[in-house]
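Topology and contacts: notes
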Amino acid sequence: AYLRKLAHSLKPVVHVGHEGLAAASSSIEEAFNTRELLKVKVLENAPRDARETATEIEAALADVQVAQTIGRTIVLYRAHPQEPEIRLPG
């Protein structure tokens with residue numbers, strides 16, 4: 001719930017289109033170099049729906065957690081290895 005609250009005002013930084021996760025995974029990795037929390041938008045022409053794409057992302061990228069999937073939007077979290085900015089409660 002804490003991560004969903006933080007992500008509410010964020011805009012999607014990566015879009016998954018007809019090429020699927022294969023084309024977007026490098027963009028997601030790159031986005032995690034500058035932030036810990038990001039939104040991914042799954043477009044209508046994507047080969048899989050948002051939930052399936054979220055499962056694929058979790059399996060394909062190390063230490064990535066899906067905080068939320070709502071509609072066609074996925075909220076992803078990965079703590080920075082040396083200097084985490086987001087402190088999870090409890």
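In what follows, the accompanying structure is described. (Residues numbered from 1 in each chain as written. Predicted model: local features only at pLDDT ≥ 70, side-chain atom pairs only at ≥ 80, totals over all residues. Heavy atoms only, no water.)

Here Lys39 is to be found in strand β2 (residues 37–42). The charged side chain of Lys39 is buried without a salt bridge, its nearest counter-charge being Glu36 at 16 Å. Engagement of the side chain of Lys39 in a polar contact is seen with the backbone oxygen of Ala7, the distance being 3.3 Å. Those residues in contact with Lys39, other than ones at most four positions away along the chain, are Ala7, His8, Leu10, Lys11, Pro12, Val13, Val14, Thr73, Ile74 and Val75. (Helix = DSSP H or I, 4+ residues; strand = E, 2+ residues; numbered from the N terminus. Buried < 20%, exposed > 50% of the residue type's maximum accessible area, 1.4 Å probe, protein only. Lys, Arg positive; Asp, Glu negative; His and termini not counted. Salt bridge = Lys/Arg side-chain N within 4 Å of Asp/Glu carboxyl O. Polar contact = N/O pair within 3.5 Å; in protein donor to acceptor, adjacent residues only side chain to side chain. Contact = heavy atoms within 4.5 Å.)

Residues Tyr2, Leu6 and Leu88 make up a contiguous nonpolar surface patch of roughly 240 Å² in combined accessible area. Note on placement: Tyr2 falls in helix α1 (residues 2–7). (Patch = residues over 30% accessible without salt bridge, like charges linked within 9 Å, V, L, I, M, F, W, Y side chains within 5 Å. Areas by Shrake-Rupley, 256 points an atom, 1.4 Å probe, with all protein chains shown as cover.)

Quick look at the pairing of strand β4 (residues 73–77) now. Counting buried residues in β4 gives five out of five residues, a clear majority hidden from the surface. Where burial is concerned, the two faces of β4 agree: the one with Thr73, Val75 and Tyr77 and the one with Ile74 and Leu76 are both buried. Both β2 and β4 contribute to a ladder of five bridges, which runs antiparallel. Bridging across to β4, Lys41 finds its partner in Thr73. Where strand β3 (residues 65–70) meets β4, five bridges bridge the pair, whose relative direction is antiparallel. Within the sheet, the bridge partner assigned to Thr69 lies in β4 and is Ile74. As consecutive antiparallel partners, β3 and β4 are separated by two residues, and within that stretch Gly71 has a phi angle of approximately 65°, a positive value. (Pairing = 2+ DSSP bridges.)

All quantities given are derived from atomic positions and should not be read as evidence of function.
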